[in-house]
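# Chains, contacts and geometry: an overview
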Amino acid sequence: MTLKRGIWPAMAAVAVLQSAALGWMVAERMTLLESGREIVLPIVPVDPRSLFRGDYVRLSYEVTRVPGRLLGGSVTSGEPLYVTIGRKPDGSYVPVAVSRTHPGVAAPDEVVLRGWLQRGRWDAGSSARDLFLRYGIESYFVPEGTGLELEDMAREKKLAAVVAVDRHGKSAIKGLMIDGRLVYEEPLF
Amino acid sequence: MWGYRARLERDLARWRERGWISEAAVQEIGRDLAARGRGIGLPTTLAVLGAVLIGFAAMSFVAANWQEMPRIARLGLLLAALWGCYGLAGALLARGLDGFGHAAVLAGAGLFGAGIMLIAQMYHIDGNPPDAVLAWAAGALLAGALLQSNPALALAMLLVGLWSGWQTALVEAVHWPFLVGWAAVAAAFLWRRWRPGLHLSALVLSAWIVSLGYLLLDGHAHWAVALIGLGIAGGALAAETLPGIWRRIAPAVLCYGMAIAYAGLFAFKFFEKRDPGTLALLSVLAMAMLLAAVFWGWRNEHKPVLWLGYIGFSAEVLALYFVTIGTLLGTSVFFLMAGLIVIGLSWLAYRLHTQQSETREALP
């Protein structure tokens, strides 16, 4: 257990590498929020009782549910799926295509989101079930004890999330809108 | 260690009273014990527990999402605490206070995890939680390997288990990458020659092997788990005859193999539908295996195997009682036969024992 010589370089290496890892995570998110394409996704009203769990809000979108006919074969929740969503005249988005690889440049009124099956596996053959996906933008953390406030607002008004999407399909929440007004805006850091 | 010392002191007092050994010998043995028996002391244990509490304090601090302080300041605070922990660890290790130093390293590794959680919260990241656990495990492994810190390596192993368990729960399929993470941390334990860490590795790997029974072949692979366990136990028995390190680790490996085999057999018998005849036959096999383990543990004075045998036997009997073999009457007959056979074995063991004592007394 003697590591007296060289203890300081090793200690500094651990502290620097761990800090760098944390710093890289922050930088990656900042780039995504800053340079990603911004879209507004309406949030599907779910049972308000189950909408807020503890100190974070569980968000569900119209694009969470993807028609099974858009994808053939089978998929497990470990593999990424790329969902092309198209903008409707009312401003909401609907899934128009699903693929296993990024389809490349999308049309002006379309955005590609990277998502995963929420759990388990899905087979096209077994039934025409819809796919339930997660995109990594399903949790919204709120200060301790303020979940109920947001829940009350969500019950009466239209809730939407401002989402940044980069060219790889990665997405992040930038803020929340209620009745078209930005109520929670995320600072970059 | 404590139990051994207390027992030895009692025995020494008795032997001294009977005049078999001199007072001087008792003193010498006492000095030898004091010199050698420096295991993990109470101060170190408390320091490590304190570090664990600090880690939980940091995680709760993140979870509270306290708004009085900007998020970037909270991240700065966590980073400062992380650097503080490693600085303190360096100072303590430089002074030879290894126990406290490694507790500080553990606290640092814990704060790294809290930092990951805070960033996930800051940006509402809800990607794949196991990925965050994996990043934490990598950080703990880095600290454990570079700073030769056993507690941080133990944290890394627990996190590898959590990562794999979480991923398995989400995907509902065997998580093969577990083996890579497990091997990395286990190799570090091997390099450190830290026995408790190797036991922890064996425990985590055993749990993973048992989980295969529920995941492979649509959840009907329990028989394969039982065979793997029997193979490991058989290998351990064979290794007993080899010299050196193999012989020394054999009893522990036997324990894990037995536990895996029995867990697989238990699931195979009780969690799937079996007709009464098969159930009775398999139960006889299981009981024979457990009695053999009890016998082996008794003969080799290896308490863990002995106790595993007793525990498995009790689990078997209780489960059979609740499942019933065909009818309640059938179960009753089964228990009666089993009871008579075990009592017969006990009588046989008693005869063998007295015969051995007689021959030993005739020898002198």
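Residues numbered from 1 in each chain as written. Chains lettered and ligands numbered in written order. Predicted model: local features only at pLDDT ≥ 70, side-chain atom pairs only at ≥ 80, totals over all residues. Heavy atoms only, no water.

## Quick word on the overall build of chain A
Scanning chain A from N- to C-terminus turns up three helices and 14 strands. Each of the 189 residues in chain A was classed as buried or not, and the buried ones make up 44%. Sequence-distant contacts, at least 24 apart, represent 64% of the contacts inside chain A between residues at least 6 apart. (Helix = DSSP H or I, 4+ residues; strand = E, 2+ residues; numbered from the N terminus. Buried < 20%, exposed > 50% of the residue type's maximum accessible area, 1.4 Å probe, protein only. Contact = heavy atoms within 4.5 Å.)

## Here's the deal with the sheet that holds strand 1 (residues 37–42) of chain A
Residues and elements named next belong to chain A. Pairing in this open sheet of four strands is antiparallel, and the strands run 1-12-13-14 from one edge to the other. The outermost strands of the open sheet, each flanked by one partner alone, are strand 1 and strand 14 (181–185). The sheet shows a mean angle of 35° between the axes of neighbouring strands, direction not considered. Bridge analysis of strand 12 (residues 159–165) against strand 13 (residues 171–178) gives seven bridges, and the strand direction is antiparallel. In the sheet register, Val-163 faces strand 13, and the bridge partner there is Ile-173. Sheet contacts for helix 1 (residues 7–35): strand 1, strand 12 and strand 13; angle to strand 13, the most-contacted strand, approximately 55°. (Pairing = 2+ DSSP bridges. Axes fitted to C-alpha atoms, helices over the stretch in contact; angles between N-to-C directions.)

## Remarks on the environment of Leu-159 of chain A
Residues and elements named next belong to chain A. Looking at the secondary structure, you find Leu-159 in strand 12. Looking at Leu-159, the relative accessible area reads 9%, which means it is buried. For the pair Leu-159 and Val-44, spaced 115 residues apart in sequence, the C-alpha separation works out to 8.0 Å. Residues within four places of Leu-159 in sequence aside, it is in contact with Pro-42, Ile-43, Ala-154, Met-177 and Ile-178.

## Points about the environment of Leu-198 of chain B
Residues and elements named next belong to chain B. Tracing the backbone shows Leu-198 in helix 9 (residues 195–215). Here Leu-198 falls in the partly exposed class, since its relative accessible area comes to 31%. Here the alpha-carbon distance between Leu-198 and Ala-188, two residues 10 residues apart in the chain, equals 9.5 Å.

## What to know about the pairing of strand 7 (residues 93–99) of chain A
All names here are of chain A. By the bridge criterion, six bridges tie strand 6 (residues 80–87) to strand 7 in an arrangement that is antiparallel. From the neighbouring strand, Ile-85 faces strand 7, where its bridge partner is Pro-95. Two successive antiparallel strands, strand 6 and strand 7, enclose a turn made up of five residues, where Gly-91 displays a positive phi of approximately 95°.

## Regarding the domain arrangement of chain B
By domain assignment, chain B separates into domain 1 (1–39), domain 2 (40–126), domain 3 (128–213) and domain 4 (220–356). Computed over C-alpha atoms only, the centres of domain 1 of chain B and domain 2 of chain B are separated by 43 Å. (Domains from an automatic or database assignment.)

## Observations regarding helix 5 (residues 98–122) of chain B
Residue and element names in this part refer to chain B. Spanning 25 residues, helix 5 covers 36 Å between terminal C-alpha atoms, matching the ideal 36 Å at 1.5 Å per step. In terms of residue burial, helix 5 counts as a mostly covered element, since 20 of its 25 residues are buried. Just beyond helix 5, the residue with positive phi is His-124, at close to 50°. (Expected span 1.5 Å × (residues − 1).)

## Side note on the pairing of strand 8 (residues 110–117) of chain A
Residue and element names in this part refer to chain A. Among the eight residues that make up strand 8, six are buried, leaving the element largely enclosed by the rest of the structure. Relative to strand 8, strand 6 runs antiparallel, the two being bridged by seven bridges. Paired with Val-83 across the two strands is Leu-113, which belongs to strand 8. Taken together, the two bridges between strand 8 and strand 10 (residues 131–134) define a ladder with antiparallel strand orientation. Of the residues in strand 10, the one forming a bridge with Trp-116 is Arg-134.

## Considering the packing of helix 7 (residues 150–171) of chain B against helix 8 (residues 178–192) of chain B
Residue and element names in this part refer to chain B. Between helix 7 and helix 8, whose axes approach to 10 Å, the crossing angle comes to 165°. Judged on the interaxial angle alone, helix 8 and helix 7 are roughly antiparallel. Classified by chirality, the crossing of helix 8 by helix 7 is left-handed. Seen from helix 7, the contacting residues are Asn-150, Leu-153, Ala-154, Ala-156, Met-157, Val-160, Trp-163 and Ser-164; seen from helix 8, they are Phe-178, Gly-181, Trp-182, Val-185, Ala-186, Ala-188, Phe-189 and Arg-192. The residue inventory of the contact of helix 7 with helix 8, partitioned by class, reads 12 nonpolar, three polar and one charged. (Parallel < 35°, antiparallel > 145°, perpendicular 65-115°, else oblique. Left-handed = near helix turned anticlockwise from the far one by under 90°. Nonpolar A, V, L, I, M, F, W, Y, C, P; charged D, E, K, R; others polar.)

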